[in-house]
Amino acid sequence: MLNKSGNLIFGIGMSLFITFFSSCEKEDLSEISNGELGLESNIEKESFLSCSWENADLIDGKGMYHSDSQRKWPNATVKYVISQQYLDVDNARPQEMVRTLKRAMNEWTNKTGIRFQEVNPNTTSRNDYTLVKESAGSSSTLGYAPGLLPMELKIRYNAPFGVYLHELGHAIGLYHEQQRPDRDRYVTVHPNLINNQLYKIPSRQYVVHTPFDFNSVMLYSSSGYYGDYNMVRADNGQPFVSNGYSNGVLSQGDIDAVKAMYFSSLPEDVSSNYWAYNEIAFMWQNGYIRGSDGVNYRPNNNLTRAQFASLISSIINPPAIRGDRNFTDVPSNHWAKAAISKAVRGGYLSGYNDGSFKPNRNVSKLEMTIALANGLRLSGGNSNHLLSFSDRSQIPSWARASIQNATANKLVVNYPNKSYFRPNNSATRADAAMIFYQTLVRLGKAPRRNNPYIVLP
Ligand SMILES: [Zn+2]
């Protein structure tokens, strides 16, 4: 169907992004009757467009996730806003739907590590969140697609739990299981549906790693959509029911696909002999860090104080222990406003006495270490902990206790020379990955590793 802004949305289960419309012509499909499971059924008459698929923004992948790394949500976190329209529905429906939605989000998070974060639409770019709406049909944009069209996730009132899981799967970046390039070995699709966007095998490069999964929440049942046996098993011609979809349970294939999409690859610019390789790999694979292009980490680059605050917010997500501060140079629409606020309220960052935060200034090694030592409320340090630093005279007296505590807790990592703390140097992104890795070790969330650049107390 066409939405208000004229963008094309392929309804029910998924949306595909068609970047050129000139080759599309309108095609009417007959009304869909209730499927045997009543899933994605009871849908108002939909119009689909048949388009030139060379222009369709489709890339295949394992378990049919979107293999374009740009479609991955930054920090493996799906940001969303629940639309006011959704909440305005009278009676108890909205609360029930929001509860179900959050239960489905928790299911994905617990099984795969992908996270969901409700954001404030007034301080977040419209390109950076998906809008959850109630709708006659359920559908979702595919993965993170800033600028391609407004990201939306629509849920039909009364949709079963499996539909919530299914649409969230699309929002994360999963295709339908019946669109896998190898699906003809497992299911026979009714010829009339071969070119239907909900069944069409995408045309570009693909790799299939996992077995076809009859339990996937991303697989339609034989009659779940068009009311007739539009798909049967290829081996015996019999109709089937998608277990994951009807029972509302994520399959192992669903879990593996999301893990593979978000957490398996490694940054291309960090080689296995890089000094912080193992720690960066862990942080990357677990979604704690990410490159701006989704492919490279750029470990030797510096990071700004705003970026550092963003890491504190996303990796540690500290609870508020004190009030917020309004900084003169962090306007309410600053991209890192929420993260800076969280880091400040959590006791990690304070800003400067003149009321500024200096979000664009590179964070120094000293600032980074103090922030984590104070925020984590580390203790146990004493003056002996600074003796191994040949440049300890450069550490200002007011900062010594924090650096001693950080050293005592193995948060200090000095590359390339363990004897030099270099407090005034701008920290690199590798330095940041290392200190956050050591933080995760301390929090019991990462395995202890014996990196030779960790200063041992
Ligand atoms: Zn779907």
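Nothing here was measured: the structure is a model prediction, and the numbers come from that model.

Chemist: Whenever I open this one, helix H7 (residues 305-316) confuses me. Can you help?
Modeler: The α-helix advances 3.6 residues per turn, and as a result positions three or four apart in sequence lie on the same side. Its twelve residues give H7 an end-to-end C-alpha distance of 16 Å, which sits within 8% of 16 Å, the value for a rise of 1.5 Å per residue. Summarising burial for H7: twelve of the twelve residues are buried, a large majority. Just past H7, the residue Asn317 takes up positive phi, approximately 50°.

Chemist: Quick question: what am I supposed to make of the UniProt feature "active site" (unreviewed entry) in the chain here?
Modeler: Following the UniProt record, the feature "active site" (unreviewed entry) maps to Glu167 here. Note on placement: Glu167 falls in helix H3 (residues 161-172). Ignoring sequence-local partners within four residues, the contact set of Glu167 consists of Ser138, Ser139, Ser140, Leu153 and Ile155.

Chemist: Help me out: how do you make sense of the packing of helix H9 (residues 365-375) against helix H11 (residues 429-442) in this one?
Modeler: The packing of two helices is summarised by the inter-axis angle and the distance between the axes. Where H9 meets H11, the closest approach of the two axes is 11 Å, and the angle between their N-to-C directions is 15°. The orientation of H9 relative to H11 falls into the category roughly parallel. Note that H9 runs across H11; the crossing there is right-handed. Judged by residue contacts, Lys365, Met368, Thr369 and Leu372 of H9 engage Asp431, Ala432, Ile435 and Thr439 from H11. A per-class count over the contact of H9 with H11 returns four nonpolar, two polar and two charged.

Chemist: Even after reading the chapter, I still don't get the environment of Thr100, so can you show me in this structure?
Modeler: Here Thr100 shows up in helix H2 (residues 93-112). The exposure class of Thr100 is partly exposed, given the 17 C-beta atoms found within 10 Å.

Chemist: How do you make sense of the pairing of strand E9 (residues 152-155) when you look at a structure like this?
Modeler: On any regular strand, side chains alternate: one points to one face of the sheet, the next to the other face. Side chains of E9 alternate between two faces, with Glu152 and Lys154 and Leu153 and Ile155 buried alike. Here strand E7 (residues 130-134) runs beside E9; their pairing, made up of four bridges, is parallel. Paired with Val132 across the strands is Leu153, a residue of E9. Inspection of the sheet shows strand E8 (residues 139-140) paired to E9 by two bridges, in the antiparallel sense. Looking across to E9, one finds that Ser139 is bridged to Lys154.

Chemist: Would you mind going over helix H8 (residues 337-345) with me for this structure?
Modeler: By the criterion of burial, H8 is predominantly enclosed, with seven of the nine residues buried. Buried within H8 are the following residues: Lys337, Ala339, Ile340, Ser341, Lys342, Ala343 and Val344. Buried residues along H8 sit against H7. Taken from the residues just after H8, Gly347 is the one with a positive phi, measuring 90°.

Chemist: I tried to follow unusual backbone geometry on my own but got confused; where do I start?
Modeler: A negative phi angle is the norm for most residues apart from glycine, just as the trans form is the norm for most peptide bonds. With omega at 10°, the peptide bond leading from Tyr415 into Pro416 counts as cis. When you line up the elements, Pro416 lands in the loop between helix H10 (400-408) and H11. Positioned with a positive phi, Ala76 is a non-glycine residue whose angle comes to about 50°. Taking the number of C-beta atoms within 10 Å as the measure of exposure, Ala76 has 24 and is therefore buried.

Chemist: Can you walk me through the sheet that holds E8 in this structure?
Modeler: Hydrogen bonds along the backbone pair up the strands of a sheet, which may run parallel or antiparallel. The strand order across the open sheet built from five strands is E6-E5-E7-E9-E8, with neighbouring strands paired in mixed fashion. The open sheet has two free edges, formed respectively by strand E6 (115-118) and E8, since each of these has just one partner strand. Sheet strands touched by H2: strand E5 (77-82), E6, E7 and E9. Its angle to E6, the strand with the most contacts, is close to 145°.

Chemist: What should I look at first to understand the packing of H7 against H11 in this one?
Modeler: For the pair H7 and H11, interaxial distance at closest approach is 12 Å and the crossing angle is 30°. With respect to each other, H7 and H11 are oriented roughly parallel. Both H7 and H11 take part in a crossing whose hand is right-handed. The residues of H11 that touch H7, namely those facing Phe308, Leu311, Ile315 and Ile316, are Ala432, Phe436 and Thr439. Of the residues in the contact of H7 with H11, the class split is six nonpolar, one polar and no charged.

Parameters and conventions
- Residues numbered from 1 in each chain as written.
- Predicted model: local features only at pLDDT ≥ 70, side-chain atom pairs only at ≥ 80, totals over all residues.
- Helix = DSSP H or I, 4+ residues; strand = E, 2+ residues; numbered from the N terminus.
- Expected span 1.5 Å × (residues − 1).
- Buried ≥ 20, exposed ≤ 12 C-beta atoms within 10 Å, placed from the backbone.
- UniProt positions renumbered as here; feature names shortened; annotations may be inferred.
- Contact = placed C-beta atoms within 7 Å.
- Axes fitted to C-alpha atoms, helices over the stretch in contact; angles between N-to-C directions.
- Parallel < 35°, antiparallel > 145°, perpendicular 65-115°, else oblique.
- Left-handed = near helix turned anticlockwise from the far one by under 90°.
- Nonpolar A, V, L, I, M, F, W, Y, C, P; charged D, E, K, R; others polar.
- Pairing = 2+ DSSP bridges.

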